[in-house]
Amino acid sequence: MSDKTAASTNSSKENTTSIIQKLKKNRYLTLTGIVVFILIFIFIIGESGTAVENIPTYKLKRDNFLITITESGEMSAKNSISISAPQVRGGLKIIYLVPEGSYIKPGDLVAKFDPTEAIIKLKDAEAQLEIALSNRDKLVANQKAEMAKTESDLKSAELSYELSKLNLEQMKFEAEAKRREAQLQHEKNELSYKQTKQGYESKKIIQQSELNNIEVEIRQKRNELEKAKREVNSLTLSAESEGLVVYGVNWSNQGRKFQVGDQAWGGQGIINLPDLSSMESKTSVNEVDVSKIKVGQKVIVTLDAYQDSSFTGTIYQVARLGKEKPGNSNIKIFEINVDIEGTSGLLKPGMTTSNKIIINEVPDTLFIPQEAVFQEEDIFICYVENGSGFDKVEVTLGEKSEDYIIVTSGIKDGDVVALINPELETVTESDKTEKNSVEIPNSGK
């Protein structure tokens, strides 16, 4: 083979190799582009899906819509036996109380009051009685001495009268002057005898009166002593029936419950023994809302200690007069009594409650949480989920409750709406934890 032919052959091989290398390089570039495109697409889809998942939502469902007012309250028994402080003179300082929540039986000790002042009064009453008894003994002794002297005087006057009477009879044969003298002496002795006898009778009456007076005084002192003893004994209170101990309210101590060291006044209820078979929740509303409250309205009562348990109640009493709200003298509140239907071992006096008063009920309607509604100028909008994002939809609103609002147009049953604005770039961690659809709460919207 000639050199020219060999050179031509080598040149053809080099061209072929160069073309193959260029094709390989273009294929690599094409594959790389396809991979990059796929990754970008997956990233976009993933980011879009993550954004939707991070938005808390609410799924619409037709249901009864409740217009409510929620107020806090306290559970109590409709009927109870009150154990009151004794009706005594002076101060009543509590030195012992049976623990609240204890179940007591008849005869059990429930409270004691400081007896210091009552014991002083008892000792004084004892001393006054002893003085009265001593005065009576002294009076009786003096009366006996006086009566002895008076009886002696009476006897002497009587003898003088009798002697003058005999002497007058003997003088009937004597001269006129002597008879006249004897007559005058007799009359004098007769008058003295009568006066002495009258004095004697009067003295007996006076002494009996004096004795009666001292006896009355003694009875009074005895009564005061017995009263003092009863007061000392009354400072220890015992139960007359069984029941659960609930402390009474000490209105003179900022409305707090009674405790050891408090002062009470006679007749004030210290301890209540409630009838747990009939319970009520006492709550209140301000003067702005009281016009919406009526006897017979239903109330959903929830115990703060047991949020998963609720009870149905009915308003049976609304106060006619308002009172100042504690801590704010400019606001008037009206007390409301809610009768709890049925019985439960969970219901205990003194437990705090949440009372959702049902003002009105709209049957079979659509409603959403108020945080799902956004306002732009004069229109209201919601963000409705469309699968990969949210559509902005104008809505028409109706009545609202504390947390929810009726939607009359713009969205339909089954739609899912965002509870925050999905157009905002920042989603907080707390929002992420609520990304699942919000469920309609039972028996209250």
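Computed from a predicted structure; not experimentally measured.

J.: Sorry if this is basic, but what is going on with the overall build of the protein here?
T.: Looking only at helices and strands, one finds 4 helices and 26 strands in the protein. Relative to its full complement of 445 residues, the protein shows a buried share of 31%. Considering only contacts within the protein whose residues lie at least 6 apart along the sequence, 75% involve residues at least 24 apart. Of the roughly 27,900 Å² that the protein leaves accessible, carbon and sulfur atoms contribute 51%.

J.: Would you take a moment to explain the sheet that holds strand 3 (residues 80–84) for this structure?
T.: Across a sheet, paired strands are connected by hydrogen bonds in the backbone, their directions being either parallel or antiparallel. Taken together, 3 strands build an open sheet; the order of strands is 3-13-9 and the sheet is antiparallel. Whereas interior strands pair on both sides, the edge strands pair on one side only; in this sheet they are strand 3 and strand 9 (246–247).

J.: It is not clear to me how the sheet that holds strand 12 (residues 263–264) should be interpreted in this structure. Could you clarify?
T.: Ordered in space as 7-6-4-12, the 4 strands form an open sheet in which the pairing is antiparallel. In this open sheet, the two strands that pair with only one neighbour each are strand 7 (236–238) and strand 12. As defined by bridge partners, strand 4 (residues 92–97) adjoins strand 12 across 2 bridges and the pair is classed as antiparallel. Each residue of the ladder has a partner; that of K93, found in strand 12, is Q263.

J.: Mind showing me how you'd approach the pattern of salt bridges here?
T.: Side chains that carry opposite charge are capable of pairing whenever their charged atoms lie near each other. A full pass over the atoms with the stated rule returns 16 salt bridges. The salt bridge involving E423 is made with K392; its shortest N-O contact spans 3.8 Å. With E423 in the loop between strand 25 (416–418) and helix 4 (429–432) and K392 in strand 23 (residues 390–400), this pair connects stretches of sequence that are 31 residues apart. On the accessibility criterion, E423 (51% relative accessible area) is exposed. Taking relative accessible area as the criterion, K392 reaches 41% and is therefore assigned partly exposed. Among the ionic contacts, a cluster of salt bridges with common partners joins E376, K392 and E423.

J.: Honestly, the pairing of strand 4 in this entry has me stumped. Any pointers?
T.: Consecutive residues of a regular strand have side chains that alternate between opposite faces of the sheet. Where strand 4 meets strand 6 (residues 109–113), 3 bridges bridge the pair, whose relative direction is antiparallel. Residue L97 lies in a different strand from strand 6, and its bridge partner there is A111.

J.: What is the right way to look at unusual backbone geometry in this model?
T.: Most peptide bonds take the trans configuration, and most residues that are not glycine carry a negative phi. In the Ramachandran plot, D364 falls in the positive-phi region, its phi being about 45° despite a non-glycine side chain. Among the secondary structure elements, D364 is positioned in strand 19 (residues 352–365). With a phi close to 60°, E377 is a non-glycine residue in the positive phi region. Owing to a relative accessible area of 74%, E377 belongs among the exposed residues under this scheme.

J.: Whenever I open this one, the packing of aromatic side chains confuses me. Can you help?
T.: The geometry of an aromatic ring pair comes down to the distance between the two centres and the angle between the two planes. Under the counting rule described, the total for this entry stands at 5 aromatic pairs. Centroid distance Y161 to Y193: 5.6 Å. Interplanar angle 5°. Geometry classified as stacked. You can see Y161 sitting in helix 2 (residues 116–170) and its partner Y193 sitting in helix 3 (residues 176–234), a full 32 residues away along the chain. This pair shows no difference in class: Y161 is buried, exactly as Y193 is. Arranged with centres 5.8 Å apart and planes meeting at 90°, the rings of F367 and Y404 form a pair that is edge-to-face. Residue F367 is located in strand 20 (residues 367–369), and its partner Y404 is located in strand 24 (residues 404–409); the two are separated by 37 residues in the primary sequence. Neither F367 nor Y404 differs from the other in exposure class; each is buried. Members of the aromatic cluster, each reached through a chain of ring pairs, are Y58, F65, F367 and Y404. Its end group placed over the ring of Y316, K78 keeps NZ or CZ at 4.5 Å from the ring centre.

J.: What exactly am I supposed to notice about helix 3 here?
T.: In a regular helix each residue adds 1.5 Å, so 59 residues correspond to 87 Å; helix 3 covers 86 Å between its end C-alpha atoms and thus fits that length. Along helix 3, the positions that sit buried rather than exposed are A182, H186, N189, Y193, Y200, Q207, I214, I218, K221, L225, A228 and E231. In this structure, the buried side of helix 3 is in contact with helix 2.

J.: How should I be thinking about the nonpolar core in this particular structure?
T.: Burial of nonpolar side chains together is a common tendency in soluble globular proteins. Ranked by size, the top nonpolar core spans 22 residues in total, and within it L97, I104, V110, F113, V245, I270 and I271 carry the most contacts. In this structure, V110 is in contact with I83, Y96, L97, V98, I104, L237, S238, A239 and I271, ignoring residues within four places of it in sequence. Y58, V362, I405 and V407 belong to the second largest nonpolar core, which has 20 residues in total.

Conventions adopted
- Residues numbered from 1 in each chain as written.
- Predicted model: local features only at pLDDT ≥ 70, side-chain atom pairs only at ≥ 80, totals over all residues.
- Heavy atoms only, no water.
- Helix = DSSP H or I, 4+ residues; strand = E, 2+ residues; numbered from the N terminus.
- Buried < 20%, exposed > 50% of the residue type's maximum accessible area, 1.4 Å probe, protein only.
- Contact = heavy atoms within 4.5 Å.
- Areas by Shrake-Rupley, 256 points an atom, 1.4 Å probe, with all protein chains shown as cover.
- Pairing = 2+ DSSP bridges.
- Salt bridge = Lys/Arg side-chain N within 4 Å of Asp/Glu carboxyl O.
- Phe/Tyr/Trp six-rings, centres within 6.5 Å; stacked < 30°, edge-to-face > 60°.
- Lys NZ or Arg CZ within 6 Å of the ring centre and 35° of its normal.
- Expected span 1.5 Å × (residues − 1).
- Core = buried A, V, L, I, M, F, W, Y, C linked by side-chain atoms within 4.5 Å.

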